[in-house]
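Chain by chain, the residues run as shown.
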Amino acid sequence: MITGSCHCGDVRWKAETWPDWLTVCNCTYCRKAGARWGEVDPATTQLAARTPQYDYVFGDKTLTIHRCAICGITTHWTSREPANPKRMKINFTTARDAVPDNVRVRHFDGADSWEYLD
């Protein structure tokens, strides 16, 4: 079980395994947030927060980005797309343990082409 939280610990998460890869996106939000996104199965991933989170939607409105209302750390996003409403990614920079060396990091061009750059 992989665990993580925002800085203050108010938003906590547990995922069954490390994802196959993490995504570093260069869109305006992800660049500023410093996120490393990993796709998880929402059915087996646990999220808990003591206070309501801040939800942020921008651009093409395909994602809802969730941040802790206390410390402001971006913890995860959920899909707003009707075709894939249960899709979710966790910001694995919030993991308690360091990302293992065998987890690949892929770079995604969210600023322009919407393609992986590798």
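Residues numbered from 1 in each chain as written. Predicted model: local features only at pLDDT ≥ 70, side-chain atom pairs only at ≥ 80, totals over all residues. Heavy atoms only, no water.

S.K.: What is the right way to read the sheet that holds strand β5 (residues 46–49) from this model?
M.R.: The strands making up a sheet are joined through hydrogen bonds of the backbone, oriented either antiparallel or parallel. Read from one edge to the other, the open sheet built from three strands follows the order β1-β2-β5, with strand pairing classed as antiparallel. In this open sheet, the two edge strands, each paired with only one partner strand, are β1 (2–5) and β5. Averaged over all neighbouring strand pairs, the angle between strand axes comes to 15 degrees, with direction disregarded. In the sheet, strand β2 (residues 11–15) pairs with β5 via four bridges, with the strands oriented antiparallel. For Lys14, the partnering residue across the bridge sits in β5 and is Gln46. (Pairing = 2+ DSSP bridges. Helix = DSSP H or I, 4+ residues; strand = E, 2+ residues; numbered from the N terminus. Axes fitted to C-alpha atoms, helices over the stretch in contact; angles between N-to-C directions.)

S.K.: Teacher, can you tell me more about the environment of Gly4 here?
M.R.: Residue position: Gly4 is located in strand β1. Look at Gly4 and you get buried, because its relative accessible area is 9%. Remark: the alpha-carbon pair of Gly4 and Asp20, spanning 16 residues in sequence, is separated by 17 Å. Ignoring any residue separated from it by four or fewer positions in sequence, one finds Gly4 in contact with Val11, Arg12, Trp13, Thr94, Ala95 and Arg96. (Buried < 20%, exposed > 50% of the residue type's maximum accessible area, 1.4 Å probe, protein only. Contact = heavy atoms within 4.5 Å.)

S.K.: Before we go on, may I ask you to explain the pattern of salt bridges in this structure?
M.R.: Side chains bearing opposite charge may pair, as long as their charged atoms lie close to each other. Applying the stated criterion across every chain, the model contains five salt bridges. Between Asp10 and Arg50 there is a salt bridge, with the nearest N and O atoms lying 3.4 Å from each other. Of this pair, Asp10 sits in the loop between β1 and β2 while Arg50 sits in the loop between β5 and β6 (54–56), and the two are 40 residues apart along the sequence. Taking the relative accessible area as the measure of exposure, Arg50 reaches 57% and is therefore exposed. (Salt bridge = Lys/Arg side-chain N within 4 Å of Asp/Glu carboxyl O.)

S.K.: How do you make sense of the packing of aromatic side chains when you look at a structure like this?
M.R.: Any pair of aromatic rings gets described here by the distance separating the centres and the angle formed by the planes. Following the criterion strictly, the structure yields eight aromatic pairs and no others. Measuring from ring centre to ring centre gives 5.1 Å for Trp13 and Phe92, while their planes differ by 70 degrees; the resulting arrangement is edge-to-face. With a gap of 79 residues between them, Trp13 in strand β2 and Phe92 in the loop between β9 (88–91) and β10 (104–108) connect regions that are remote in the sequence. The exposure classification of Trp13 matches that of Phe92, with both residues buried. Here Tyr29 and Phe58 contribute two aromatic rings whose centre-to-centre distance is 6.1 Å and whose plane-to-plane angle is 35 degrees, an arrangement assigned as tilted. (Phe/Tyr/Trp six-rings, centres within 6.5 Å; stacked < 30°, edge-to-face > 60°.)

S.K.: Looking at this model, I keep getting lost on the nonpolar core. Mind explaining?
M.R.: The nonpolar side chains of a soluble globular protein tend to be buried with one another. In terms of nonpolar packing, the biggest core is built from 11 residues, these being Ile2, Trp13, Ala15, Trp18, Leu22, Val40, Met88, Ile90, Phe92, Ala95 and Val103. Once residues within four sequence positions are removed from consideration, Ala15 is found in contact with Met1, Ile2, Val40 and Thr45. Grouped together as the second largest cluster of nonpolar side chains are nine residues, Cys25, Cys27, Tyr29 and Trp37 included. (Core = buried A, V, L, I, M, F, W, Y, C linked by side-chain atoms within 4.5 Å.)

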